[in-house]
Amino acid sequence: MPLAQLLEQYVSLGIFLVAAALSALSYLAWRRERDRRMGIVTAGYAMFALYGLVVFLEYPLLPYVPYATLELLEHGSAVLILGGLVAFFLALTRD
């Protein structure tokens, strides 16, 4: 696997692991406080984690899923980043 693909794999795995951990911690904080903003933050981190997972799984799934489908899924999952950023903005602007 070329260096660029390995870098993408490791960074995506890191995004997934960090975002999943932060999402779990945010969820626990939301359960304790029942603050609506923490629920929004949890959803934002979950979107980042899902994006990392999709990009990480792209290369291992190449033998089983057509390349065009995987590329569409990977590039389309960037919408999750946009959704996560909007979720954080909403959480910051809520009273």
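Parameters and conventions
Residues numbered from 1 in each chain as written. Predicted model: local features only at pLDDT ≥ 70, side-chain atom pairs only at ≥ 80, totals over all residues. Heavy atoms only, no water. Patch = residues over 30% accessible without salt bridge, like charges linked within 9 Å, V, L, I, M, F, W, Y side chains within 5 Å. Areas by Shrake-Rupley, 256 points an atom, 1.4 Å probe, with all protein chains shown as cover. Salt bridge = Lys/Arg side-chain N within 4 Å of Asp/Glu carboxyl O. Helix = DSSP H or I, 4+ residues; strand = E, 2+ residues; numbered from the N terminus. Buried < 20%, exposed > 50% of the residue type's maximum accessible area, 1.4 Å probe, protein only. Arc of directions from axis to C-beta. Contact = heavy atoms within 4.5 Å. Axes fitted to C-alpha atoms, helices over the stretch in contact; angles between N-to-C directions. Parallel < 35°, antiparallel > 145°, perpendicular 65-115°, else oblique. Left-handed = near helix turned anticlockwise from the far one by under 90°. Nonpolar A, V, L, I, M, F, W, Y, C, P; charged D, E, K, R; others polar.

- Per an unreviewed UniProt entry, the protein chain is named Histidine kinase, and its organism is Haloplanus rubicundus.

Description of a nonpolar patch on the surface
Logical step 1: There is a patch of nonpolar side chains on the surface, built from Val-18, Leu-22, Leu-25, Tyr-27 and Leu-28 and spanning about 460 Å² of accessible area.
Logical step 2: Secondary-structure assignment places Leu-25 in helix H1 (residues 3–33).
Logical step 3: For Leu-25, a relative accessible area of 54% gives the class exposed.

Overview of helix H3 (residues 67–76)
Logical step 1: Of all the positions in H3, only Leu-70, Glu-71 and Glu-74 are classed as buried. Looking straight down H3, one finds that the buried residues subtend no more than 100 degrees of arc, so they occupy a single side. For H3, exposure combined with an orientation more than 90 degrees from the buried face picks out Ala-68 and Leu-72.
Logical step 2: Residues of H3 that are buried make contact with H1, helix H2 (36–57) and helix H4 (78–93).

Quick look at the packing of H1 against H2
Logical step 1: Their axes nearest at 7 Å, the elements H1 and H2 cross at an angle of 160 degrees. As the angle between them shows, H1 and H2 are arranged roughly antiparallel. When you trace H1 past H2, the crossing you get is left-handed.
Logical step 2: Looking at the contact of H1 with H2 residue by residue, the class counts come to 18 nonpolar, 7 polar and 2 charged.

Let's talk about the pattern of salt bridges
If charged atoms from side chains of opposite charge come close, those side chains can pair.
Logical step 1: Inspection of the entire model under this criterion finds 2 salt bridges.
Logical step 2: Linking Arg-32 and Glu-33 is a salt bridge whose minimum nitrogen-to-oxygen distance equals 3.0 Å.
Logical step 3: Here Glu-33 falls in the partly exposed class, since its relative accessible area comes to 44%.
Logical step 4: Of the charged contacts, one joins Asp-35 and Arg-37 as a salt bridge, the two residues approaching to 3.6 Å between their closest N and O atoms.

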